[in-house]
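Spelled out from the first residue to the last, the chains are:
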Amino acid sequence: MSNEFDLFQQEVAGVKPLKQDAVLSGSDSLNDAAKQARQQAAEHHHATSQDYLSLEHVTLLHPDDLVSFKKSGLQQGVFKKLRLGKYEIQAKLDLHKFRLEQARNEVVSFIKQCQELNIRSALIIPGKGHNSEPPALLKSYVSQWLPQIDAVLAIHSAQTMHGGTGAIYVLLKKSESQKLDNRERHARRLA
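Read on for a plain summary of the structure. This one's a predicted model, so the numbers in the text were calculated from it and none came from an experiment.

On to the overall build of the chain. A tally of regular secondary structure across the chain gives six helices and five strands. Ordered by position from the N terminus, the helices and strands of the chain form the series α-α-β-α-β-α-β-α-β-β-α. Taken over 191 residues, the chain has a buried fraction of 29%. Residue pairs at least 24 apart in sequence account for 73% of intrachain contacts in the chain once pairs closer than 6 positions are excluded.

If you want it as structure tokens, here you go:
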């Protein structure tokens, strides 16, 4: 064992330690407003560009398959309420008769409009796709795209009264204006 250590010592004999990189103090770092502006700009670009939603590879679903997705951190009770169709549907997008690229553009535009209008719960109807070739093509893509959109917290196949497995409930994040309103209301209550 000491032979290995001696050999190691010989190998590193002429090596000089690197100088420690300087660590920025809080005053040297970007202020919070600049950080927030940069983050919002990145999110805005991501939300307005549909290029990240692939038209290439998709795992094909069966027309009657259930669709389900929940971002980590979302409360189970909130997800259950979405799954059971307990949230008021504030906006609806019907994608019947749309081609794939048109549908992608519509989904991105719809989610963006929902955010601008402070809509939290929506219904997207890709249809089951029994008559498409291959079956459930649009449903498969929409189910793959929605979890990739930052504003989407959760999705689930709709209850029968809202279209069943041919429709998808979508739960959206609060918009920045809603978050600001909530903070202001909270601050007024504390004052």
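With that settled, consider the environment of Arg-99. Checked against the element boundaries, Arg-99 lands in the loop between β2 (91–94) and α4 (100–116). Taking the C-alpha atoms as reference points, Arg-99 and Leu-138, 39 residues apart in sequence, are found 8.2 Å from one another.

Applying the stated criterion across every chain, the model contains two salt bridges. For Lys-128, the salt bridge identified is with Asp-64, shortest N-O distance 3.4 Å. Taken together, the positions of Lys-128 in the loop between β3 (121–125) and α5 (137–145) and Asp-64 in the loop between α2 (32–48) and β1 (68–70) put the pair 64 residues apart, joining distant regions of the chain. The class of Asp-64 is partly exposed, set by a relative accessible area of 39%. One salt bridge in this structure joins Asp-150 and Lys-173, with 3.2 Å as the shortest N-O distance. Pair noted here: Asp-150 is in the loop between α5 and β4 (152–157) and Lys-173 is in the loop between β5 (168–172) and α6 (176–190), with a separation of 23 residues, a long-range link.

Cut-offs applied
- Residues numbered from 1 in each chain as written.
- Predicted model: local features only at pLDDT ≥ 70, side-chain atom pairs only at ≥ 80, totals over all residues.
- Heavy atoms only, no water.
- Helix = DSSP H or I, 4+ residues; strand = E, 2+ residues; numbered from the N terminus.
- Buried < 20%, exposed > 50% of the residue type's maximum accessible area, 1.4 Å probe, protein only.
- Contact = heavy atoms within 4.5 Å.
- Salt bridge = Lys/Arg side-chain N within 4 Å of Asp/Glu carboxyl O.

Don't take any of this as a statement about function, it's just geometry.
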